[in-house]
Amino acid sequence: MSTENPFAQENQQQAPPPAEDYPRSSPEDFTDMDDDWGEAEAATSGGNVPDGNYQVEVAKASQESARNSGDPMVKWDLVVLSGDHIGRHIFKNTMIKREHLKFLKGELTILNCCPNKLSELHLALQHAVGRQLEVTVRTKPGTGDRANENFTNTYFNKLLEQQEGGSNGGSF
């Protein structure tokens with residue numbers, strides 16, 4: 001199977017058929033953007049947002065199992081609300097292990113939805129969705145066997161405004 005781009009001009013044996021010959025799956029007509037398309041640079045990767053502070057909204061927070069270990073964790077999907085990276089997603093996993101409970105409890109406290117019992121975590125995560133907060137993203141180089149990898153850490157800093165449930169750090 002060829003990996004060449006069949007749309008690249010250098011790979012074309014003949015001119016493509018006229019646009020009206022293509023089957024239409026949508027009524028959209030993009031001919032007014034043909035010049036923009038020709039001038040646009042192809043993005044090489046979405047990748048992570050650069051290191052820095054971001055205002056984000058919790059788009060999704062769910063209990064899942066880690067792909068390799070099967071250990072329980074919270075998967076966070078955070079959407080950037082402002083700046084050059086508006087609309088980009090920041091993904092974060094928080095492991096649910098005894099030695100990591102303090103980090104999860106800290107994150108939920110910042111979001112003002114920390115449950116009284118861990119068994120109520122699913123309720124807390126429901127309350128977390130829609131909350132807006134400031135986060136810091138930092139990339140760190142790996143060490144040892146993983147020295148050739150970079151790791152991105154995302155830290156919850158503060159709730160952007162007083163949102164639901166009384167005082168910051170509230171619980172149910």
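All of the points below concern the structure found in this document. (Residues numbered from 1 in each chain as written. Predicted model: local features only at pLDDT ≥ 70, side-chain atom pairs only at ≥ 80, totals over all residues. Heavy atoms only, no water.)

**Regarding the sheet that holds strand E3 (residues 89-95)**
Logical step 1: Across the sheet, 5 strands lie side by side as E3-E2-E1-E4-E5; this open sheet has antiparallel pairing. Two strands lie at the open edges of the sheet, namely E3 and strand E5 (150-159), each paired on one side alone. Going from strand to strand, the sheet's axes swing by 40° on average, the running direction of each strand aside.
Logical step 2: In the sheet, strand E2 (residues 72-80) pairs with E3 via 7 bridges, with the strands oriented antiparallel. Within E3, the position partnered with Val 79 by the bridge is His 89. (Pairing = 2+ DSSP bridges. Helix = DSSP H or I, 4+ residues; strand = E, 2+ residues; numbered from the N terminus. Axes fitted to C-alpha atoms, helices over the stretch in contact; angles between N-to-C directions.)

**Describing the environment of Val 80**
Logical step 1: Tracing the chain through its elements places Val 80 in strand E2.
Logical step 2: Of the residues examined, Val 80 reaches a relative accessible area of 1% and is grouped as buried.
Logical step 3: Each C-alpha atom of the pair Val 80 and Tyr 54 lies 6.5 Å from the other, and the pair is 26 residues apart in sequence. (Buried < 20%, exposed > 50% of the residue type's maximum accessible area, 1.4 Å probe, protein only.)

**Things to note about the nonpolar core**
Logical step 1: Membership of the largest hydrophobic core comes to 25 residues, with the highest contact counts inside it found for Trp 76, Ile 90, Leu 108 and Leu 111.
Logical step 2: Elements with a minimum of two residues in this core: strand E1 (52-65), E2, helix H2 (101-110), helix H3 (121-128), strand E4 (132-141) and E5. (Core = buried A, V, L, I, M, F, W, Y, C linked by side-chain atoms within 4.5 Å.)

**Focus on the pattern of salt bridges**
Logical step 1: With the rule as written, the count across this model stands at 3 salt bridges.
Logical step 2: Between Lys 97 and Asp 71 there is a salt bridge, and its shortest N-O distance comes to 3.2 Å. One end of the pair, Lys 97, is in the loop between E3 and H2; the other, Asp 71, is in the loop between E1 and E2, and 26 residues separate them in sequence.
Logical step 3: Residue class for Lys 97 comes out partly exposed when judged on its relative accessible area of 29%.
Logical step 4: Residue Asp 71 is classed as partly exposed on the basis of its relative accessible area of 22%.
Logical step 5: As a salt-bridge pair, Arg 146 and Glu 149 come within 3.2 Å of each other at their nearest N and O atoms.
Logical step 6: Taking relative accessible area as the criterion, Arg 146 reaches 44% and is therefore assigned partly exposed.
Logical step 7: Assessed through its relative accessible area of 30%, Glu 149 is described here as partly exposed. (Salt bridge = Lys/Arg side-chain N within 4 Å of Asp/Glu carboxyl O.)

**What to know about unusual backbone geometry**
Logical step 1: Despite not being glycine, Asn 112 shows a phi value in the positive range, around 60°.
Logical step 2: Structurally, Asn 112 can be placed in the loop between H2 and H3.

Distances and angles like these do not, on their own, reveal function.
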